[in-house]
Each structure stands twice: as C-alpha cells, then as structure tokens.
Amino acid sequence: MDLQSSPGVVSGSGASKYPIRRVAVLGAGTMGARIAAHVVHSGVPVLLLDVVAAGEDRNAVVARAMEALKNSKPAALALPSLAAMISIGNFEDDLPRLRDCDWVIEAVAENLEIKRSLLARVIPHLHASAILTTNTSGLPVAKIAADFPAAVRQRWFGAHFFNPPRYMRLMELIATPESDRDALAAIADFSDRKLGKAVVPAHDTPNFIANRIGTFAMLNTVRIMQQQGLTVEEVDLLTGQIVGWPKTGTFRLADMVGIDVLGHVARNFAANASDERQDVKLPAVIEKLMGHNWLGDKTGQGFYKKQRGAGRDQLEVLDFESFEYRPAVRASLPEVEMAKTNESLPGRIRALLGGDPRGKAARFYRQALPELWSYAANRIGEVAESIVEIDRAMKTGFNWELGPFEMWDAAGVAEAAALMRAAEMPIPPVVEAVLAAGGAWYRQGGEEYFDPASGGYKKRVLDPGLAPVSFYKKSRGEVAGNPGVSLVDLGDGIACFEFHSKMNSIGQDIVQFIQQTLNPASEHVRNFEGFIVTSDAANFSAGANLMQLLMTIQDQEWDEIDLFTRAFQAMTQAIKFCPRPVVAAPFGLCLGGGTEICLHSALRQPHLELYTGLVETGVGLVPAGGGCKEMALRAIAAANAVKADSRGESVEIYDVFRSIFETIAMAKVSTSAFEARAMRIVEAGDTVTMNRERLVADAKAQALRLARAGYRPPLPRTAIPAPGENVRATLQMGAYFLRQGEYISDHDVKIANHVAHILAGGKLPAGTPISEEYLLDLEREAFVSLCGEPKTAERIAHTLKTGKPLRN
C-alpha cells in the first residue's frame, strides 16, 4: 500500500474555493451511469443527462440506463435506494439545470467532434465557478477544449475514471497548461476523500498512463504468445496471480474489458501519436475478432466462449490458427506450480525468471517482463513525471500487486539487465543511469525513488493520512504481540491490534492477547488513550479458526470447546467494556467472529467495500461470541425507538426481530458498508471511509475523538426486558414454514430454532429481566450443543475443503 501523494499531485485551497455540492454527468452509457452511481456514495446528488429518446418519454434513454444500473454486476450502487439521489434528464430540455452543478463530468462517446459539439452547448449553462472535466480514456484533453472561452479552459481538465468506478481505484488527473491549480486540487481532494480514488497526475499524452502501459503489455503478450506457440490457457496462467496480476490473466481480462475497447485504445494511440512508433500495434487476431463482432463478454464470445449445454456449461477457447473454438483445458506448467509454493511475490518473480530457459515459463518471462519494463522506463517523463505515478497507476488501474518498476526491483535491475544483454534486447539509457546511481529504482524501503532528471534519488512525499499499519510498525515499532496479532503504536496515544494469521482468522492466540491487553489493569490500558482494530491485509477477518475447532470436535473435546467459547466471549466483552475506546475499522471480508469484534466496539469505521455478516449458521453453528446478544440488544433498541416515535407510530417487536433473525439464520452478508448499516451491524453513528488507504487514519481520529471527549464505557446490562416466548414461537414458526416449503433442511431448522431461542431470551415471559451474561450463556450452550452434531462437523469440513457452504 502506498503512503505518499504522487510527486505531481496538486495542492491548494481548492476545497474551499470550489466546493462540490452537486454533480452532473453528461452521458448515461455504461461508464457515465456508473460514475453517477459512485458519486452518490459520497452523499452528493447527481444529475444524469443523455440524448432525447424517440417517443413520448424524452428521458427514456437515461431511464433505461438507470434500470440497467440497478441490475448491474458487480453492483454499481452500494445500496439500491441510493438511486433516488440521481435525477435524470436530456440534452435538449435540461441543460439549464446545470447551473446548480459544481462539477460537470463529460462521459459521452470517445469521439472528438461529439465531445466538442455537446460541450459547446453545455458551457453557456455553467455557473461562474463550475468545474468541467472529461472522462476521455485517451483523447487529447487540451485539444477538446481548444475553442472554449478562456475562463472555462481554466476550470477544464481530464478526470479519468476506470471501469467499474466503484471498484477500480485509479483516477488519472490530466491538467492542461491553463488548468487552475485550485480547481485541480478541489477534484483531487473530493475524489480522494469522497470517492475513494487513488488520484494520479498524468500528462496529456495518448491514453495517459495505465491504458498506455497496460494495453502495451496485453498486446505484446499476444505477439509473444504467437512467437512462442503458447495456448490461450497457458498465457492466462503465466499472466495471472503468479506474478501479482489479476487472476483473469490476459485473455479473460480482455473479454471482460471488451476487445473493442482494446482496439479503440490502440487506434487512439495511432491517431494521436506524434511519431510513427508502432509500440501499441493491434495484432491481426484482434482485428479479426472485431470484424466478427466477437468482443468478449458483451457479445457472448471473444477469446473465450461459454457453450450452453443440457447440463453444465462448457468453456471453450479460441484457437488462433483455425479461428474456431475448442474445449478449454486447465493449463499446468511445472515451473509455475513450483513457484506457487513461494508466498513472496518478489521471490516468485526471481524464481520464474531464473528457471530453465528451455521451459515455457522462463522463456516467456525472459521476453515479456524485460520488454514491459523497458517500455515503462521509456515512458518516464512522457506519460507521467516519475516512476511513482506509473507504478501507482498500474497498481490501482489494472490491479497489479507491484508496479513495473517495483517488479523490476524485485527481479533485480542488474540481473534483468544482464538477461536483456544476453538476449540482445535494447536497454533504455535510464537503466544504465539507475545502475550507476544505486542499482535500484527505489531504495530506503521505498522512501526514495530514482529521478532521471537529476540522475539521483528523491524523497517520496509522505501523506500521514494514507499511512498503513506497516508504516507505523516500521517507524514506531511493535509494542507487543504473538504469531497471530501485534499491538502497534500509531502515535498520539492510540494503538492498533493488527491480525496477521491466515485470512486473519481468530484463534486462541488472538483471543487471549486482546483479552489480556484490554484488561483494565493492563499496562497497555494505562499507556494508551484508545485502540483500533484493523490491518493492511486484503480482508479484516474470516472469523474464528475453523480448523482448530474441527480438530477439537473430532477429538470430542467438549470441555475444550466450552472453554474456548467462554474465552472468545470474554474477549468481546473486554472490547465492549474496556475503559479506553476500541474502534473497529473493518474492510473486505469481515465474517463471524470478525463481525462480533465489530459489534462490541465503541464505534465502527468501515470501508465502503465491507462484506460482513454473522455467517456461523452456514457451518452448522450459531454466533457465540456475543453476536446474537448484540443483535438482540439492537433489535430491542430499534423496537423501543419506533414505539417512542414522536409521530405516535408503533411497530410490532416481531417485525424487528424477524429481520434480525433472518440476518443471522440465513447467514446474510452485506454487499457494502451501507447495507451493513441496514442490517444493523454498522450503526447510525458510524461513519464510512471511502478511501481504503485512509482507513487507519480515520479510525485513529475516531478513537482520539472519543478519548478526548472523556470516553466512558457502557455498563454491563442486567435488566434487559426479554422479548419473550411469543417472539421465540413466531421466529421458530418462520423456520417451520421454510422447511415445509423445502427451502431449508432439517439441520437448518435445528440451527434456526437455537437462534430464535437465544434472540427471544429463552423460554421466558415477555419483559422478564435478563442480563447480557444470561444471553451469552444461551449462545454458548447452543454452540457447544451444535458442535456435537455430525452434520455440523460435515459442514465445517466441507467449507474448509471447498470454501463454500454445505446445506445438508
């Protein structure tokens, strides 16, 4: 994770001079509509316009785009109801509505004259400080605006989103010589903080940074493949996760992006390049695919094709020679299989380059990687100011784990240069300069980067707001820890619990460490003002360590299971009742026990992309770390709040509990932090971080805010009114009807009945006072009981083996 602003990112008073209160998007195609959807995640309303439709409904084009948006996969909207923040219109009737918009984003067809013609009509309707940007993926930004009024050209530049905008983090910011720095700063800041973007300044050259280098890599791979006689499947294996690139590989990614898009990027470069270079030349096979309209997923076939059958679909792949499809086969190369055992990406890169040159893998990599690296090196100063922007663009725009220069360092600059010389490849002059200066593109752990202009190294500009846990671990150190968890000093009196087990699963080491650390008598509670729980991993936590649990079940160590469950509950209670605030900052997958940690925290500071839920029923269990307890408390509070509504409205407590019951019994997982709020896992007072890189800083700020406001933990509740036997019966009746309809199994009913029993407070009359400890006892009893069920052991074993739930 980067911890710097790119060297060329502008700074200024943009946010105050150019506040963004309303946004307009011109063009409701796939990209424009998805940009509009992502902008409303920031809380800012959007006006979405497109051409007038034939017929009575003049807004039908945009209306159809909105319907498609609601059904898009992956979901463009983090919550379907957010579509209400997008108002629609057309280019003939609604241009006057642009006067209320502070940022107008042009996202129409990639045609210079179409863009110019529309924008000439738009400009008279903009207010005096409105910012106007283009989402072009590679047309000359200054050329589009050549005939604009001078005042508009100052507030004009490129802001290039990547598709899909919600999930792809890169935004390339392309200034012209006339662009106002404050306007640039306003969009950079809004895109960073409100849209979660990695904002990378790019030069106004064809296809900018990521598309220029990424498209070269893809098209050059096609050329090498044909030279070396490799298959499509082999190339996708070689250009996938083994080298830190998306698992799709080259050809599956091309089908997903659209082969026509690749063609457009290549042709755009040819049309706008200032010389005769053919470095992004379109291979004949892609020309032929486009001629057949075989454009990938959008047309049902491209490099791959799914052949529909009576049983399961069969995946077919294009044979370049015959230009016909054949059944796809799983590629397997010995060098790749051996490299997979190395968990270090730099280690894998070195091993693959250093393999037997007669093998397919080494032969491919020894040509493909040096050619990619040389191409990227020759782009320094052309597409971007430095290697930092190029690496960052490729990581956030193409989802590479390492940028090209980071990969080169991993392989060794001198070692790669030696391979290039042996193969008689041209070596860019800048590489010789790197070798003379220090032999690496980065040094000091990435804090300095090589600058060709000066021939030496420059310090990277650190932005504390983007600092990951690893930055603090390196600069301030680890206070304490064990193999599963570390306590890291973040400064300002705040410490971070960082999990580092596999998938951040929660085992006994994590449970005991958190419980001991948050003990009121602990030195850490005395020394720190607050704590956060987060990490730099891809996922917050996959939940409790199921392998440990399954082994204990197989050994029939029921007392051991009871003791571990008690310890887990003690950990979550230590989080809730700690005299110092504990703020959970979840992201990615946050399941089971990870969700229970969040439920017990003083606050949650989730990232937008949060996939969280109490999923224990999927493995035949119930949440037993206080998850059922906390959800029951939320349900009681929600029912009481509605009953006390100032409008005098009332709600049946059954309705609230039915929703909570379904969330737990059906192992529901949120598709975003906003949906997690609707599920009552994230609460109304919790704020959502849009930029994953700001999560640590945002959580730390929340912990500091609570501490400095004189934080007092809640007291354990001892007089909770039990929902009662009627609620229990109603919930269990719901499970009965689902079984009658054959939607669930008998074992599902058994689990659901346990959940209903816990949520209702057992077999007690409504209103009977119960305590939090009592609810924990109900959880633990149900959990241990279900561990003794053979079908539960089957579910756990199946999930560990396949990663998928078993409904037995």
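Residues numbered from 1 in each chain as written. Predicted model: local features only at pLDDT ≥ 70, side-chain atom pairs only at ≥ 80, totals over all residues. Heavy atoms only, no water.

J.: Would you explain the overall build of the protein in this entry?
T.: Assigned secondary structure in the protein consists of 33 helices and 24 strands. Relative to a compact globule of 808 residues, whose C-alpha radius of gyration would be 28 Å, the protein shows 28 Å and is just as compact. By the burial criterion, 57% of the 808 residues in the protein qualify as buried. Residue pairs in contact within the protein that sit at least 24 positions apart in sequence constitute 70% of those at least 6 positions apart. For the protein, the accessible area works out to roughly 33100 Å², and carbon and sulfur atoms hold 52% of it. (Helix = DSSP H or I, 4+ residues; strand = E, 2+ residues; numbered from the N terminus. Rg over C-alpha atoms; globule rule 2.2 N^0.38 Å. Buried < 20%, exposed > 50% of the residue type's maximum accessible area, 1.4 Å probe, protein only. Contact = heavy atoms within 4.5 Å. Areas by Shrake-Rupley, 256 points an atom, 1.4 Å probe, with all protein chains shown as cover.)

J.: Can you help me understand helix H31 (residues 746–760) in this one?
T.: The α-helix winds at 3.6 residues per turn, so residues separated by three or four positions along the chain end up facing the same way. Helix length check: H31, at 15 residues, gives a terminal C-alpha distance of 21 Å against a target of 21 Å (1.5 Å per residue), a fit within 8%. Those residues of H31 lying buried are His-747, Asp-748, Val-749, Ile-751, Ala-752, Val-755, Ala-756, Ile-758, Leu-759 and Ala-760. Note on H31: the residue one or two positions beyond its end, Gly-761, has a positive phi of about 85 degrees. (Expected span 1.5 Å × (residues − 1).)

J.: Mind showing me how you'd approach the sheet that holds strand E13 (residues 448–451) here?
T.: The strands that make up a sheet pair up through hydrogen bonds in the backbone, lying either parallel or antiparallel. Pairing in this open sheet of three strands is antiparallel, and the strands run E12-E13-E14 from one edge to the other. In the strand order of this sheet, the two ends are held by strand E12 (442–443) and strand E14 (456–459), each with one partner. Two strands pair when backbone bridges link them, and E13 and E14 are joined in this way by four bridges, in the antiparallel orientation. Bridge pairing links Glu-448 to Lys-459 in E14. Contacts between helix H19 (residues 429–437) and the sheet are confined to E13 and E14, with E13 contributing the most and set at about 130 degrees to the helix. (Pairing = 2+ DSSP bridges. Axes fitted to C-alpha atoms, helices over the stretch in contact; angles between N-to-C directions.)

J.: Honestly, helix H18 (residues 413–422) in this entry has me stumped. Any pointers?
T.: All of the buried residues in H18 are Val-413, Ala-416, Ala-417 and Met-420. End-on, the buried residues of H18 take up no more than an arc of 100 degrees, which puts them together on one face. Where H18 terminates, the next one or two residues include Glu-424, which has phi positive at roughly 60 degrees. (Arc of directions from axis to C-beta.)

J.: Could you clarify how one ought to interpret the environment of Ser-72 in this entry?
T.: Within the element layout of this structure, Ser-72 appears in the loop between helix H3 (60–70) and strand E3 (86–90). With 38 residues separating them in the primary sequence, Ser-72 and Arg-34 have C-alpha atoms 9.2 Å apart. Within the local environment of Ser-72, its side chain forms a polar contact with the backbone oxygen of Leu-69, the two atoms lying 2.9 Å apart. (Polar contact = N/O pair within 3.5 Å; in protein donor to acceptor, adjacent residues only side chain to side chain.)

J.: I'm lost on a negative patch on the surface in this one. Help?
T.: A surface patch of negative charge is lined by Asp-555, Glu-557, Asp-559 and Glu-560. Mapped onto the fold, Glu-560 is located in helix H24 (residues 558–577). (Patch = residues over 30% accessible without salt bridge, like charges linked within 9 Å, V, L, I, M, F, W, Y side chains within 5 Å. Salt bridge = Lys/Arg side-chain N within 4 Å of Asp/Glu carboxyl O. Lys, Arg positive; Asp, Glu negative; His and termini not counted. Charge placed at Lys NZ, Arg CZ, Asp CG, Glu CD.)

J.: Which parts of the structure should I look at to understand the sheet that holds strand E9 (residues 304–307)?
T.: Pairing is antiparallel in the open sheet, where three strands are placed in the order E9-E10-E11. Each of the sheet's edge strands pairs with one partner strand only, and the pair in question is E9 and strand E11 (324–327). For this sheet, the mean inter-axis angle between neighbouring strands, taken without regard to orientation, is 40 degrees.

J.: Can you help me understand unusual backbone geometry in this one?
T.: Of all residues except glycine, most have a negative phi; of all peptide bonds, most are trans. The peptide bond linking Lys-73 to Pro-74 adopts the cis configuration, its omega dihedral lying at -5 degrees. A cis amide bond links Asn-163 to the next residue, Pro-164, at an omega of 0 degrees. Structurally, Pro-164 is set in the loop between strand E6 (156–161) and strand E7 (170–174).

J.: I keep staring at the packing of aromatic side chains and nothing clicks. Help me out?
T.: Aromatic ring pairs are reported here in terms of the distance separating the ring centres and the angle at which the planes meet. Taken as a whole and assessed by the stated rule, the structure comprises 24 aromatic pairs. Measuring from centroid to centroid gives 5.4 Å for Trp-294 and Phe-323, while their planes differ by 10 degrees, and the two rings are stacked. Remark: Phe-323 occurs in the loop between strand E10 (314–319) and E11 and Trp-294 occurs in the loop between helix H12 (284–291) and E9; sequence separation between them is 29 residues. Since its relative accessible area comes to 18%, Trp-294 is described here as buried. Given the relative accessible area of 9%, Phe-323 is considered buried. With 6.2 Å between their ring centres and 85 degrees between their planes, Phe-497 and Phe-513 make a pair best called edge-to-face. Residue Phe-497 is found in strand E17 (residues 494–499), and its partner Phe-513 is found in helix H21 (residues 508–517); the two are separated by 16 residues along the sequence. With a relative accessible area of 1%, Phe-497 lands in the buried category. (Phe/Tyr/Trp six-rings, centres within 6.5 Å; stacked < 30°, edge-to-face > 60°.)

J.: Hey, could you run me through a nonpolar patch on the surface in this one?
T.: A cluster of nonpolar side chains, contributed by Met-547, Met-551 and Leu-800, occupies part of the molecular surface with about 270 Å² of accessible area. Mapped onto the fold, Met-551 is located in helix H23 (residues 546–554). You can call Met-551 partly exposed: its relative accessible area is 47%.

J.: Just to check I follow, could you spell out the pattern of salt bridges for this structure?
T.: Across all of its chains, the model carries 54 salt bridges by this definition. Across the salt bridge formed by Glu-630 and Arg-634, the nearest N and O atoms sit 3.5 Å from each other. Of this pair, Glu-630 and Arg-634 both sit in helix H26 (residues 627–643), four residues apart, roughly one helical turn. Pair check on accessibility: Glu-630 and Arg-634 agree, each one buried. Salt-bridge contacts for Arg-658 lead to Asp-655; the nearest nitrogen and oxygen are separated by 3.0 Å.

J.: I keep staring at the nonpolar core and nothing clicks. Help me out?
T.: One broad trend across soluble globular proteins is that nonpolar side chains are buried collectively. With 118 residues, the main nonpolar core has Leu-98, Tyr-365, Phe-405, Trp-408 and Trp-441 as its most contacted residues. It is helix H15 (residues 360–377) that provides the largest number of residues to this core, a total of ten residues. The next biggest cluster of nonpolar side chains, apart from the first, holds 50 residues, and it includes Phe-513, Ile-575, Phe-587 and Cys-598. (Core = buried A, V, L, I, M, F, W, Y, C linked by side-chain atoms within 4.5 Å.)

J.: Help me understand the packing of H31 against helix H33 (residues 790–802), please; the structure alone is not making it clear to me.
T.: Pairs of packed helices are described in terms of their axes, by the angle between the two and the distance that separates them. For the pair H31 and H33, the least separation of the axes is 11 Å and the interaxial angle reads 100 degrees. For the element pair H31 / H33, the angle class is roughly perpendicular. Where H31 approaches H33, its residues His-747, Asp-748 and Ile-751 are matched on the opposing element by Lys-791, Thr-792 and Arg-795. Its residues assigned to classes, the contact of H31 with H33 shows one nonpolar, two polar and three charged. (Parallel < 35°, antiparallel > 145°, perpendicular 65-115°, else oblique. Nonpolar A, V, L, I, M, F, W, Y, C, P; charged D, E, K, R; others polar.)

J.: Explain the environment of Pro-346 here, please?
T.: Here Pro-346 is to be found in helix H14 (residues 345–353). For Pro-346 and Tyr-167, which are 179 residues apart along the polypeptide, the C-alpha to C-alpha distance reads 26 Å.

J.: What is the right way to look at the packing of helix H30 (residues 725–740) against H31 in this model?
T.: Relative orientation of the contacting elements H30 and H31 amounts to 165 degrees, with a least axis distance of 8 Å. As summarised for this structure, H30 and H31 are arranged roughly antiparallel, according to the angle between their axes. Crossing of H30 against H31: the hand is right-handed. On H31, the residues touching Val-727, Arg-728, Leu-731, Gln-732, Ala-735 and Arg-739 of H30 are Asp-746, Val-749, Ala-752, Asn-753, Ala-756, His-757, Leu-759 and Ala-760. A per-class count over the contact of H30 with H31 returns eight nonpolar, three polar and three charged. (Left-handed = near helix turned anticlockwise from the far one by under 90°.)

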